[in-house]
Amino acid sequence: MPVDFSGTWNFVRSENLEAYMLTLGIDFATRKIANMLKPQKFIKQEGDVFSIQTTSTFRNYSVKFKIGEEFDEDNKGLDNRKCRSVVTWDKDKIVCTQNGEKKNRGWSHWIEGDELYLELRCEGQTSTQVFKRA
Ligand code: YOG
């Protein structure tokens, strides 16, 4: 059975978000707010087509993609940089490469038990977020 990320996921904890945001040049005030957030993720997976909505009391972010198909990503409301992104499978992980101005930028999602992991990467910094199935 292939992994199914579909569902509603509630924030549990994050690590190293501050350092990740610093590499993206997020300003002080925005970082202070972002560090307090407990975002929710709504994931819809239909075969290799995904939509991931991240919502919070401050900002929301949505992305839609098909595995293996490059797409333009605007990161609107995050750092607002444009990327050419692509997501691929690595065993049971989905791995996104965000090609753009920032080197080694991307993220991975995987599931452990009833927890959803998100690893955010940018220029040598890694931040991990953990969510629990609602
Ligand atoms: O999700 O990339 O699920 O796109 C962390 C970025 C905070 C805005 C969220 C809004 C933090 C201010 C990345 C948080 C740094 C700080 C809720 C979401 C940037 C700006 C939206 C993300 C992927 C994988 C799908």
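Predicted model, so just to flag it, every value in this text is computed and none were measured. (Residues numbered from 1 in each chain as written. Predicted model: local features only at pLDDT ≥ 70, side-chain atom pairs only at ≥ 80, totals over all residues. Heavy atoms only, no water.)

**Student:** Just to check I follow, could you spell out empty space enclosed by the protein for this structure?
**Tutor:** Over the atoms a probe the size of a water molecule is rolled, and this reveals where empty space is left. Enumeration over the complete set of coordinates arrives at one cavity of 30 Å³ or more. Empty space within the largest cavity amounts to approximately 720 Å³. Along the walls of the largest cavity sit 34 residues, with Thr54, Tyr61, Leu78, Leu120 and Gln129 positioned nearest its centre. The set of elements that each furnish at least two residues to the lining of the largest cavity consists of β1 (7–15), α1 (17–23), α2 (28–34), β3 (49–55), β4 (61–66), β8 (106–112) and β9 (115–122). (1 Å grid on protein atoms, 1.4 Å probe; cavity = no way out; pocket = protein on both sides within 12 Å on 5 of 7 lines; lining within 4 Å. Points joined across faces, edges and corners; volume = space filled by probe spheres on them. Helix = DSSP H or I, 4+ residues; strand = E, 2+ residues; numbered from the N terminus.)

**Student:** It is not clear to me how the pattern of salt bridges should be interpreted in this structure. Could you clarify?
**Tutor:** Pairs can form between side chains of opposite charge once their charged atoms are near each other. This structure, assessed with the given rule, holds eleven salt bridges. Across the pair Arg121 and Glu119 runs a salt bridge whose closest N-O atoms are separated by 2.8 Å. Note on Glu119: relative accessible area 22%, which makes it partly exposed. Through salt bridges with shared partners, a single network forms among Asp79, Arg81, Glu101 and Arg105. (Salt bridge = Lys/Arg side-chain N within 4 Å of Asp/Glu carboxyl O. Buried < 20%, exposed > 50% of the residue type's maximum accessible area, 1.4 Å probe, protein only.)

**Student:** Sorry if this is basic, but what is going on with the packing of aromatic side chains here?
**Tutor:** Ring pairs (aromatic) are described by centroid distance and by the angle formed between their planes. The final tally for this structure, using the stated rule, is eight aromatic pairs. Their ring planes at 15° and their centres at 5.9 Å tell us that Phe65 and Phe71 sit as a pair that is stacked. Accessibility assignment for this pair places Phe65 and Phe71 in one class, buried. Pairing Phe65 with Trp107 gives two aromatic rings, centres 6.1 Å apart and planes at 55°, and the pair type is tilted. Remark: Trp107 occurs in strand β8 and Phe65 occurs in strand β4; sequence separation between them is 42 residues. Classification of Trp107 by relative accessible area gives buried; the value is 9%. Through a chain of ring-to-ring contacts, three or more aromatic side chains come together here, namely Phe5, Phe50, Phe65, Phe71, Trp89 and Trp107. The side chain of Lys93 reaches across the aromatic face of Trp110, ending 4.2 Å from its centre. (Phe/Tyr/Trp six-rings, centres within 6.5 Å; stacked < 30°, edge-to-face > 60°. Lys NZ or Arg CZ within 6 Å of the ring centre and 35° of its normal.)

**Student:** What is the right way to read the UniProt feature "domain: Lipocalin/cytosolic fatty-acid binding" (unreviewed entry) in the protein chain from this model?
**Tutor:** Sequence positions flagged by UniProt for "domain: Lipocalin/cytosolic fatty-acid binding" (unreviewed entry) are, in local numbering, residues 6–133. End-to-end, the C-alpha atoms of residues 6–133 are 10 Å apart, and along that stretch the chain is 11% helix and 55% strand. (UniProt positions renumbered as here; feature names shortened; annotations may be inferred.)

**Student:** Any chance you could explain the environment of Asn80 here in plain terms?
**Tutor:** Within the secondary structure layout, Asn80 lies in the loop between β5 (71–73) and β6 (83–90). Overall, Asn80 belongs to the partly exposed group, its relative accessible area being 45%. C-alpha separation for the pair Asn80 and Val12, spaced 68 residues apart in sequence, amounts to 26 Å. Beyond its immediate chain neighbours, meaning those up to four positions away, Asn80 contacts Asp74 and Asn75. Within the local environment of Asn80, its side chain forms a polar contact with the backbone nitrogen of Gly77, the two atoms lying 2.9 Å apart. (Contact = heavy atoms within 4.5 Å. Polar contact = N/O pair within 3.5 Å; in protein donor to acceptor, adjacent residues only side chain to side chain.)

**Student:** Can you help me understand the pairing of β1 in this one?
**Tutor:** For a regular strand, side chains alternate in direction, first toward one face of the sheet and then toward the other. Summarising the sheet, β1 and strand β2 (residues 40–46) pair through four bridges and their orientation is antiparallel. Bridge pairing in β2 links Gly7 to Ile43. The pairing of β1 with strand β10 (residues 125–133) spans six bridges and is antiparallel. Residue pairing in the sheet places Arg13 in a bridge with Val130 of β10. (Pairing = 2+ DSSP bridges.)

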